[in-house]
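Now for the letters of each chain:
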Amino acid sequence: MTRFLASRLLQALVVLLLMSFVITVLMTLMPGDPVDMMLAGNPRATPADAARLKALYGLDKPLLERYGHWLQAALVGDFGFSRLYAQPVLTILLPRLGNTLLLLGAAMALTLAVALPLGVYAARRPYGWADNAINLFCFAGISVPAFWLALLLILLFAVELQWLPASGLGPVGGEGWWERLPYLVLPVASLTLASIGGYTRYVRAAMMGELRQDYVRTARAKGLGEGRVVWRHALRNATIPIVTIVALEFGALFSGALVTETMFAWPGMGKLIYDSIMGNDLNVALVALLFATLTTLAGNLLADATYAGLDPRISFKGDGA
Amino acid sequence: MRTGLAAFTLAAALAAAPMGSPAFAAKDELVIGMTQFPSNWHPSMEAMMAKSYVLSMARRPFTAYDPDWRLTCLLCTELPALDKGTAEVETRADGKKGIKVTYTINPKATWGDGTPVTTEDVLFTWTVGKHPQSGYSNFDLFARDIVAIDAKDERTFTIHRDKAVCSYAEINDFEILPAHLERAVFEADPATYRNRSKYETDTTNPGLWFGPYRIAQVEPGSHVVLEPNPTWWGAKPAFKRVIVKSIENTAALEANLLAGQVDMVPGETGLPLDQVLAFEKRHGSRYNVFYKPGLFFEHVELNLDNPALADVRVRRALLHAIDRDAISKQLYDGRQPVAHNEISPLDRVHAPGYPTYAFDPALAAKLLDEAGWSERRAGVRHNAKGERLSLEIMTTAGNRSREVLQQVLQAQWRQAGVEVRIVNEPARVLFGDTLEKRRFKSMALFAWISAPENIPRTILHSSMIPTEANNWAGQNYTGYRNPEMDKVLEDLEHVCEPEANRALWAKLQTLYAQDLPNLPLFFRADPFILPPWLEGVVPTGHLDSSTLWIETWKAKE
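Just so it is clear, the model here is predicted, and its values are computed rather than measured.

Caption draft 1: Structural view of the overall build of chain B. In terms of helices and strands, chain B carries 17 helices and 19 strands. What you see for chain B is a C-alpha radius of gyration of 25 Å, in line with the 24 Å of a compact globule of 557 residues. Principal axes of the C-alpha set define a box for chain B whose edges measure 75 × 70 × 40 Å. Residues counted as buried form 59% of the 557 residues belonging to chain B. In chain B, the proportion of contacts linking residues at least 24 apart, taken out of those at least 6 apart, comes to 69%. When the accessible area of chain B is evaluated, it comes to approximately 21,200 Å², of which 52% is carbon and sulfur surface.

Caption draft 2: Up close: the sheet that holds strand E15 (residues 419-422) of chain B. Residue and element names in this part refer to chain B. One open sheet holds the five strands; their spatial order is E15-E14-E16-E11-E17, and the pairing between them is mixed. A strand with exactly one partner marks an edge of an open sheet, and here the two such strands are E15 and strand E17 (518-530). Strand-to-strand, the axes of this sheet are offset by a mean angle of 35 degrees, without reference to chain direction. Sheet topology note: the strand E11 (residues 288-302)/strand E16 (residues 443-449) ladder contains seven bridges and is antiparallel. If you follow Glu298 over to E16, its bridge partner there is Ala447. Packing of helix H10 (residues 312-320) onto the sheet brings it into contact with E11, strand E14 (390-394), E16 and E17, and relative to E17 it is tilted by some 40 degrees.

Caption draft 3: Expanded view of the nonpolar core. Of all hydrophobic cores here, the largest spans 99 residues; its most connected members are Val300, Leu318, Leu409, Trp413, Met443 and Ile529 of chain B. It is helix H7 (residues 146-160) of chain A that provides the largest number of residues to this core, a total of eight residues. Contacts of Val300 of chain B, omitting those with residues within four sequence positions, involve Ile393, Leu409, Trp413, Met443, Ala444, Leu445, Asn518, Leu519 and Leu521 of chain B. With 70 residues, the next largest nonpolar core counts Met45, Leu75, Trp111 and Phe186 of chain B among its residues.

Caption draft 4: Seen up close, the interface of chain A and chain B. The partner chain B presents 60 residues to the 59 residues of chain A that form the contact. Each partner contributes to the roughly 5,000 Å² buried at the junction of chain A and chain B, and carbon and sulfur atoms together form 55% of this total. Taken together, chain A and chain B are joined by one salt bridge. For Glu248 of chain B, the salt bridge identified is with Lys271 of chain A, shortest N-O distance 2.4 Å. In this structure, the connection of chain A to chain B is made through nine residue pairs in polar contact (both at pLDDT 80 or more). For the side of chain A that touches chain B, a count of residues per class yields 35 nonpolar, twelve polar and twelve charged.

Caption draft 5: Highlighting the sheet that holds strand E1 (residues 29-34) of chain B. Residue and element names in this part refer to chain B. Taken together, four strands build an open sheet; the order of strands is E1-E10-E9-E8 and the sheet is mixed. The sheet is open, and its two borders are formed by E1 and strand E8 (213-219), each paired with just one other strand. Here the average twist between neighbouring strands, direction ignored, is 20 degrees. Two strands pair when backbone bridges link them, and E8 and strand E9 (residues 223-228) are joined in this way by six bridges, in the antiparallel orientation. When the bridges of E9 are listed, Tyr213 appears paired with Pro228.

Caption draft 6: Expanded view of the side chain of Arg194 of chain B. The topology assignment puts Arg194 of chain B in helix H6 (residues 193-196). Salt bridges are absent for the buried Arg194 of chain B, whose nearest opposite-charge side chain, Asp189 of chain B, sits at 8.0 Å. From its side chain, Arg194 of chain B meets the backbone oxygen of Leu56 of chain A in a polar contact 3.3 Å long. A polar contact is formed between the side chain of Arg194 of chain B and the backbone oxygen of Ala191 of chain B, at a distance of 2.6 Å. Leaving out residues up to four positions away in the same chain, Arg194 of chain B has contacts with Leu56, Tyr57 and Ala86 of chain A together with Met45, Gln133, Ser134, Gly135 and Glu200 of chain B.

Caption draft 7: View of the pattern of salt bridges. Residues and elements named next belong to chain B. For the coordinates displayed, the defined rule picks out 41 salt bridges over all chains. A salt bridge links Arg348 to Glu453, with the shortest nitrogen-to-oxygen separation between them at 3.2 Å. With Arg348 in the loop between helix H11 (324-332) and helix H12 (361-370) and Glu453 in the loop between E16 and helix H15 (457-460), the pair connects residues that are 105 residues apart, well separated along the chain. According to the relative accessible area criterion, Arg348 is exposed, its value standing at 55%. A relative accessible area of 25% means that Glu453 is categorised as partly exposed. For the salt bridge of Asp433 with Arg439, the shortest nitrogen-to-oxygen distance reads 2.5 Å. Connected through shared salt-bridge partners, Asp433, Glu436, Lys437 and Arg439 make up one network.

Caption draft 8: The arrangement of the environment of Phe37 of chain B in detail. Residues and elements named next belong to chain B. Among the structural elements, Phe37 can be located in the loop between E1 and helix H2 (49-58). Taking the C-alpha atoms as reference points, Phe37 and Lys245, 208 residues apart in sequence, are found 8.0 Å from one another. Each residue touching Phe37, except ones within four places of it in the same chain, is listed here: Met48, Ala50, Val218, Glu219, Pro220, Gly221, Ser222, His223, Val224 and Ser246.

Caption draft 9: Fine view of the pairing of E17 of chain B. Residue and element names in this part refer to chain B. Taking burial as the measure, the 13 residues of E17 include twelve buried ones, the bulk of the element. Direction of pairing for E11 relative to E17: antiparallel, over a ladder of twelve bridges. Of the residues in E17, the one forming a bridge with Glu301 is Asn518.

Caption draft 10: Here's a closer look at the confidence of the model for chain B. The predicted model of chain B averages 91 in pLDDT, with 95% of residues at 70 or higher. This complex was scored by the predictor with a pTM of 0.87 and an ipTM of 0.81.

Caption draft 11: Representation of the packing of H10 of chain B against H12 of chain B within the structure. Residue and element names in this part refer to chain B. At their nearest, the axes of H10 and H12 sit 8 Å apart, and the two run at 160 degrees to each other. Here H12 runs roughly antiparallel to H10, going by the angle between their axes. The element H10 and its partner H12 pack so that their crossing is left-handed. Within the contact between the two elements, H10 uses Arg313, Val314, Arg316, Ala317 and His320 and H12 uses Pro361, Leu363, Ala364, Leu367, Leu368 and Glu370. Residues that form the contact of H10 with H12 fall into these classes: seven nonpolar, one polar and three charged.

Caption draft 12: Representation of the state of the cysteines in the model. Residues and elements named next belong to chain B. Tallied over the entire structure, the rule returns two disulfides over all chains. A disulfide bridge connects Cys73 with Cys76, and the sulfur atoms are separated by 1.9 Å. Between Cys73 and Cys76 the disulfide shows an S-S torsion of about -105 degrees. By sign, it is left-handed. Sulfur-sulfur distance for the disulfide between Cys166 and Cys496 comes to 2.3 Å. Taking the torsion about the sulfur-sulfur bond, which here is approximately -90 degrees, the covalent link between Cys166 and Cys496 counts as left-handed. Residue Cys166 is located in the loop between strand E7 (156-161) and helix H5 (179-188), and its partner Cys496 is located in the loop between helix H16 (483-494) and helix H17 (498-515); the two are separated by 330 residues in the primary sequence. Relative accessible area serves as the criterion here: at 34%, Cys496 is assigned to the partly exposed category. Sequence-ordered numbering of the bonded cysteines in chain B gives a disulfide pattern of 1-2, 3-4.

Caption draft 13: Expanded view of the packing of aromatic side chains. All names here are of chain B. All told, the structure shown has 27 aromatic pairs over all chains when counted by the stated rule. For the ring pair Phe210 and Trp233, a centre distance of 6.2 Å and an interplane angle of 15 degrees mean the geometry is stacked. Placement of the pair is Phe210 in the loop between helix H7 (198-201) and E8 and Trp233 in the loop between E9 and strand E10 (241-246), with a sequence separation of 23 residues. Neither Phe210 nor Trp233 differs from the other in exposure class; each is buried. Put simply, the rings of Phe62, Tyr103, Tyr136, Phe142, Phe157 and Phe174 touch in pairs and so form one group of aromatic residues. Geometry around Phe296 places Arg524 over its ring, the cationic atom sitting 4.1 Å from the centre.

Caption draft 14: Representation of the packing of helix H3 (residues 119-129) of chain B against H5 of chain B within the structure. All names here are of chain B. Where H3 meets H5, the axes come as close as 10 Å, and the angle between the chain directions of the two elements is 30 degrees. In this view, H3 runs roughly parallel relative to H5, as classed from their interaxial angle. Crossing geometry of H3 relative to H5 is assigned as left-handed. Every residue of H5 that contacts H3 at Glu120, Asp121, Phe124, Thr127 and Val128 is listed here: Ala179, His180, Glu182, Arg183 and Phe186. Considered class by class, the residues forming the contact of H3 with H5 number four nonpolar, two polar and four charged.

Definitions and limits used
- Residues numbered from 1 in each chain as written.
- Chains lettered and ligands numbered in written order.
- Predicted model: local features only at pLDDT ≥ 70, side-chain atom pairs only at ≥ 80, totals over all residues.
- Heavy atoms only, no water.
- Helix = DSSP H or I, 4+ residues; strand = E, 2+ residues; numbered from the N terminus.
- Rg over C-alpha atoms; globule rule 2.2 N^0.38 Å.
- Buried < 20%, exposed > 50% of the residue type's maximum accessible area, 1.4 Å probe, protein only.
- Contact = heavy atoms within 4.5 Å.
- Areas by Shrake-Rupley, 256 points an atom, 1.4 Å probe, with all protein chains shown as cover.
- Pairing = 2+ DSSP bridges.
- Axes fitted to C-alpha atoms, helices over the stretch in contact; angles between N-to-C directions.
- Core = buried A, V, L, I, M, F, W, Y, C linked by side-chain atoms within 4.5 Å.
- Buried area = accessible area lost by both parts, 1.4 Å probe.
- Salt bridge = Lys/Arg side-chain N within 4 Å of Asp/Glu carboxyl O.
- Polar contact = N/O pair within 3.5 Å; in protein donor to acceptor, adjacent residues only side chain to side chain.
- Nonpolar A, V, L, I, M, F, W, Y, C, P; charged D, E, K, R; others polar.
- Lys, Arg positive; Asp, Glu negative; His and termini not counted.
- pLDDT = per-residue confidence, 0-100.
- Parallel < 35°, antiparallel > 145°, perpendicular 65-115°, else oblique.
- Left-handed = near helix turned anticlockwise from the far one by under 90°.
- Disulfide = S-S within 2.5 Å.
- Phe/Tyr/Trp six-rings, centres within 6.5 Å; stacked < 30°, edge-to-face > 60°.
- Lys NZ or Arg CZ within 6 Å of the ring centre and 35° of its normal.

Set out below in structure tokens:
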């Protein structure tokens, strides 16, 4: 297991290194010089001003030299400054990462809390009226665009009923989690309703497969209670593909959260990634995208490690080769 | 399809929203909703409207244009003037004519921590501004325009300017810094000052602010809280707290307004005109909605290197072929006035009497015939060489209002036999690359923003045509060259005698109207949505935000 983990961490480092270079190249190839964009609203700026600022931001140096400097500094934990925000990259990024993790974590927990029982219930009574109703609900959830759902929730619960706040992280000046909780409800509901459908379908399919297996028949034949057979034996095996999907999905959610974050004015990573790319803020875009990559890699690793916990037949011995 | 569905649902749901009074916040608190969040807080590092809007509550420039578009003193006691002896033309050591202007800082002015605002701050600001590593984008003002500053005493100082310009009294962009806080940071390492300034590292430090309000809390990307500044020397502001929320999605911002979580949406950086027009129809009775035409000049930029557009007859025909009055009425409910010239009629220097181009399809056809585009094949005009009169028009992709306007223009020009293809690009590409490097083939639809009495030198002077040789500097994207116009633009800077100055402005507007280097369309109007209980908000219609006078805002008794 240790060799496996070491090998995967090494792979992750190589992937991150390659990604950092690819992102730098792609951002450099994008049209629009950052300094020219900065001076676009200043008719008094001269060619000398532009040249001075480009030198100041190191934009006059060749790509490889710029990348080399960034990498050298990054290796000692200095990720540079944001050109747009005039602040260290991590100062901008970490609070937003926290906001996004809170939002996505809450949404994922709620999604699983609903999708698991719903999927299991549907799998145990396939093609019955309950299964059909659940399927209908699932397809509706999958089909509804996120921004449309978010708007409807805002209009219903914030504008019409005025039960919940429409946007923001919390009340101004309110720091307690109980004060912030109402602000989390609508964005989490929006993300959850959109993803419950997909997860329920995964759980249903996996459980239907497991419930047909010999070991389930054997367990029933041995006289084990139906609850124990379903929840302790079948669900444990059905969880393996679900864990993979959850782990992989989590990385993708960073960019997927953009719509929800924009609609609910939730200052998170999705929005930051978008703004930094549009604003040609290379340092922020680079680190933010590397974080998203890292999350995907960590999710993968977590999925692999969880396999062993869930299914004793899976072993990582000798996997390091 | 999904977008259409969502728009329909939103419109239906908003229409069905409750018609009672919105849930007003307590009247000692004002919540402002904007579509942008300021990216940084230093007053001179990178200009953006959202930042200027917020900082105008917490700072004051020496001079600014007021809502009546008159230059006024905000931090100084009196505008300098030649006849008062506070401005004087001088001959510099190199023999060039310059001007020296004297200002006195308001004697009551203090920073939020009680330290007086003095000439020390002025001198320190100049030191920072002219330092090549400070990161200032308006370096020109500090390093070239201002050649020296003499401090007479703690409050009075004299600025020596490079040229004896008529606009000598204006120093709107000289954003003063607190020397007692920023000097140590700057002197420690000027090259990294732009990242280590206390405006970024200690934004809520009271000593950074000296307006009626000071920044008390910042939640990046979400909101800013401003509280009254106890050391403010002017009229006491009415609100105990002003909260500026950033909600980028305009539909969500509108929903926040209806939910009572936002009290007002300013015109400076709020909702687009078409959305406010629709909002007003549904909810206008519950809000005070008004439109302030200003200095956003929507126009079609022309590339005069295009052989067809190089002919002034074609340019005039294109303008005669557009029914701008009908467009204004149909698309903007008449709220956005038609522009006949680059200078707004609201500007003091506007001089009527120049040629205008009314909708006249017959005259457009005649001009195109004269220009050699006389043969119509399948509705499109061709010249004697068999070339089609086919042009491209670009604008910022995703700007719904401009995209609709673009389609109307395309249809109206089609009627005149001009084929127009739409090729849009994201704003960052259009402004950051295509226009700047003059890569647009024929036409681009966008807006210029200016200040009152602003000489359009960077847009119309032939030396301002971006080329590789000048590192793509200047904004004369059109490639307009007219020695007469160059001379007028140069003279306008230093011919200050009122009669002669007026004549030059009139000449500029006539030359522009005759040559049509671009096609004037509309002066954009900023739409403001205010709660009925709020009074005192006076929109300016130019670059200086209405928040520069926020101490006059209050809840109705």
